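# A structural walkthrough
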Amino acid sequence: MLFLAILIVGTIFIIRQQRNMPYQHDEGFIFGTVYHVTYQSDKNLKSEIESEMKKVDNALSTFNKSSVISLVNQNKSVKLDKMFTDVFSMSEDISKETDGAFDITVAPLVNLWGFGFKHATAPSKHVIDSIKAFVGYQKVSLQGGRIVKKDPRLMLDCSAIAKGYGVDVVANYLRKQGIKNFIVEIGGEIVSSGISEKRLPWKIGVTKPVDDSTQIDQELQTILNVTDKAMATSGNYRNFYYKNGKKFAHTIDPSTGYPVQHSILSATVIADRCATADAYATSFMVMGMEKAQELLKRHPELLVYIIYADKNGKNKVWYSSSMKEKIIE
């Protein structure tokens, strides 16, 4: 009886101590975007969190001229670290699963189209075909600890998976510190665990797709429960330009070399890993609705929420059956 009483008192003390433990709120700039991390801890870990992000930046950032990926792109001899090889291998697997809809070699085509309103004229078919000749995930491989390219002009860009991977890295760091309640967000990609300061599950909004490149309009389409999961959203509705009355999205179809023209406006994916959610969200934007639904038959572990335009231009929603339980409103 004495042991039981001590156990009960000890449990009450631990619960009370946990409830009284503050939540830390850190934010900053990384990977060309803003991050927010909220976590329950009596110690602030911002410098340690940013140190973890810096490791990802040193491996995968094309803006960092001394990063592993930048040196690979310059065809220089470089020792590949685990972060780079992890993401390369994961990207290769997802490229195969999506029949090339996800492709980390597509950057030259993206740059050719000049998104960010760089170019006044669309590229010619001849120029697109000349770049397609050396672009393609099948034309690069990891062999004996080094990257082997079939053409030295081939370049890697992991921007469609690196943010998600960075979120995973920070989340894993927090878990190793024994932190159970947290949410990590980098540029809209998210991992959450446990409960919020309000002692409730983490709720994440999905933005309603509106043609608003200024990103001022933030009306929500729905709210999802993303506790103990990762979530990523890819959308064309904020990244486009008009040319001769035609709308060009920023997502390039690697198989054609042209911007995608189908009806999907945004794809939100919930998965166990944010890198996975990030890559598949981008893939679905390229694949279109029918191919995305076909892939989901092979991957029921992915929870997907798609907003698309019907033939009359009205916004409609489709989501996988597994997503239904995550929808709060």
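The coordinates are above.
To keep things clear, this report deals only with the structure shown in the data block.

Conventions we followed
Residue numbers run consecutively from 1 along every chain, following the written order of its sequence. Local features in this predicted model are restricted to residues whose pLDDT is 70 or higher, and side-chain atom pairs enter the listing and the counts only when it is 80 or higher, whereas totals over whole chains, interfaces and linings include all residues. Computation of side-chain values: all heavy atoms of the structure, hydrogens and water removed. Note on conventions: DSSP H or I runs of at least 4 residues are helices, E runs of at least 2 residues are strands, and numbering of each starts at the N terminus. Under the convention used throughout, the expected extent of a helix is 1.5 Å for every residue step, that is, one less than its residue count. For every residue, the accessible area obtained with a 1.4 Å probe (protein chains only) is divided by the maximum for its type, and the residue is called buried under 20%, exposed over 50%, and partly exposed between those limits. Contact criterion: two residues are considered in contact whenever any of their non-hydrogen atoms come within 4.5 Å of each other. Axis angles are defined between N-to-C directions and span 0 to 180 degrees, where every axis is a line fitted to C-alpha atoms and, for a helix, only to the segment in contact. Here roughly perpendicular refers to angles of 65 to 115 degrees, roughly parallel to angles under 35, roughly antiparallel to angles over 145, and oblique to all remaining angles. Take the far helix as your reference; a near helix turned counterclockwise from it by less than a right angle gives a left-handed crossing, and one turned clockwise gives a right-handed crossing. By the convention adopted, Pro, Cys, Tyr, Trp, Phe, Met, Ile, Leu, Val and Ala count as nonpolar, Lys, Arg, Asp and Glu as charged, and the other residues, Gly among them, as polar. Any two strands between which DSSP finds at least two bridges are classified as paired. Among the buried residues, those of types Ala, Val, Leu, Ile, Met, Phe, Trp, Tyr and Cys that are joined through side-chain atoms within 4.5 Å form a nonpolar core. A pair of aromatic rings is counted whenever rings of Phe, Tyr or Trp (Trp by its six-membered ring) have centres within 6.5 Å, and the orientation is called stacked for planes under 30 degrees apart, edge-to-face for over 60 and tilted otherwise. By salt bridge we mean one thing: a side-chain nitrogen of Lys or Arg within 4 Å of a carboxyl oxygen of Asp or Glu. Pairs of N or O atoms within 3.5 Å make up the polar contacts considered here, provided that, within protein, one atom can donate a hydrogen while the other can accept it, and that residues adjacent in sequence are counted only when both atoms are side-chain atoms.

## Some details on helix H4 (residues 82-97)
Taking 1.5 Å per residue as the helical rise, H4 with its 16 residues ought to reach 22 Å, and the 22 Å between its terminal C-alpha atoms agrees with that figure. Regarding H4, the residues found buried are Met83, Phe84, Thr85, Val87, Phe88, Met90, Ser91, Ile94 and Ser95. Taken together, the buried residues of H4 touch helix H2 (46-60), helix H3 (68-73), strand E3 (140-143), strand E4 (146-149), helix H7 (159-176) and helix H8 (274-287). Asp99 occupies a position one or two residues after H4 and carries a positive phi of about 55 degrees.

## So, the packing of H7 against H8
For any two helices packed against each other, the geometry is given by the interaxial angle and the distance between the axes. Between H7 and H8, the least distance of the axes is 7 Å, while the angle of their chain directions is 160 degrees. Classified by the angle their axes make, H7 and H8 are roughly antiparallel. Note that H7 runs across H8; the crossing there is right-handed. Of the residues in H8, those in contact with Ala160, Ile161, Ala162, Lys163, Gly164, Tyr165, Val167 and Asp168 of H7 are Cys274, Ala275, Asp278, Ala279 and Thr282. Residue classes in the contact of H7 with H8 are distributed as 8 nonpolar, 2 polar and 3 charged.

## Structural notes on the packing of H2 against H7
Contact pair H2 / H7: the axes reach a minimum separation of 9 Å and the direction vectors enclose 145 degrees. For the crossing formed where H2 meets H7, the hand is right-handed. On H7, the residues that touch Glu48, Ile49, Glu52, Met53, Val56 and Leu60 of H2 are Ala162, Tyr165, Gly166, Val169, Val170, Tyr173 and Leu174. Residues belonging to the contact of H2 with H7 are distributed by class as follows: 10 nonpolar, 1 polar and 2 charged.

## Focus: the sheet that holds strand E6 (residues 189-193)
Pairing is antiparallel in the open sheet, where 8 strands are placed in the order E1-E2-E5-E6-E9-E12-E13-E14. Each edge of the open sheet is held by one strand with a lone partner, namely strand E1 (23-30) and strand E14 (315-319). Each strand of the sheet is rotated relative to its neighbour by a mean of 10 degrees, with strand direction disregarded. Pairing analysis gives 5 bridges linking strand E2 (residues 33-40) to strand E5 (residues 182-186), with the strands arranged antiparallel.

## Re the nonpolar core
Judged by nonpolar contacts, the single largest core of 67 residues is most densely connected at Phe84, Leu174 and Phe284. Element by element, the count of residues in this core is highest for H8, at 10 residues. Leave out the neighbours within four places in its chain, and Leu174 touches Val37, Tyr39, Leu45, Ile49, Ile179, Phe182 and Val184. Ile190, Ile204, Val206 and Tyr305 belong to the second largest nonpolar core, which has 15 residues in total.

## Here we look at the packing of aromatic side chains
Counted under the stated rule, the structure contains 4 aromatic pairs. A centroid spacing of 6.3 Å and a plane angle of 15 degrees characterise the contact between Phe84 and Phe88, whose relative ring orientation is stacked. Separated by 4 residues within a single helix, Phe84 and Phe88 lie in helix H4, roughly one turn from each other.

## Topic: the pattern of salt bridges
Under the defined criterion, the tally for this structure stands at 9 salt bridges. Where Lys125 meets Asp129, a salt bridge forms, and the shortest distance between an N and an O atom there is 2.7 Å. Note that Lys125 and Asp129 are positioned in helix H6 (residues 125-132) at a spacing of 4 residues, about one turn of the helix. The class of Asp129 is partly exposed, set by a relative accessible area of 33%.

## Concerning unusual backbone geometry
The backbone of Arg199 sits at a positive phi, close to 60 degrees, despite the residue not being glycine. Its location among the elements puts Arg199 in the loop between E6 and strand E7 (203-207). Residue classification places Arg199 among the partly exposed positions, given a relative accessible area of 33%. The backbone of Asp228 shows a phi angle near 60 degrees, a positive value even though the residue is not glycine.

## Considerations on the environment of Phe29
Along the chain, the position of Phe29 falls in strand E1. Separated by 158 residues in the primary sequence, Phe29 and Gly187 have C-alpha atoms spaced 9.4 Å apart. Once residues lying within four places of it in the same chain are set aside, the contact partners of Phe29 are Val34 and Tyr35.

## Some thoughts on the environment of Asn181
Inspection of the secondary structure assignment puts Asn181 in the loop between H7 and E5. Measuring from C-alpha to C-alpha, the distance between Asn181 and Thr227 comes to 9.6 Å, with 46 residues separating the pair along the chain. Within polar-contact distance, the side chain of Asn181 engages the side chain of Gln40 at 2.7 Å. From its side chain, Asn181 meets the backbone nitrogen of Ile195 in a polar contact 3.0 Å long.

Without other data, these values stay purely geometric and don't point to any function.
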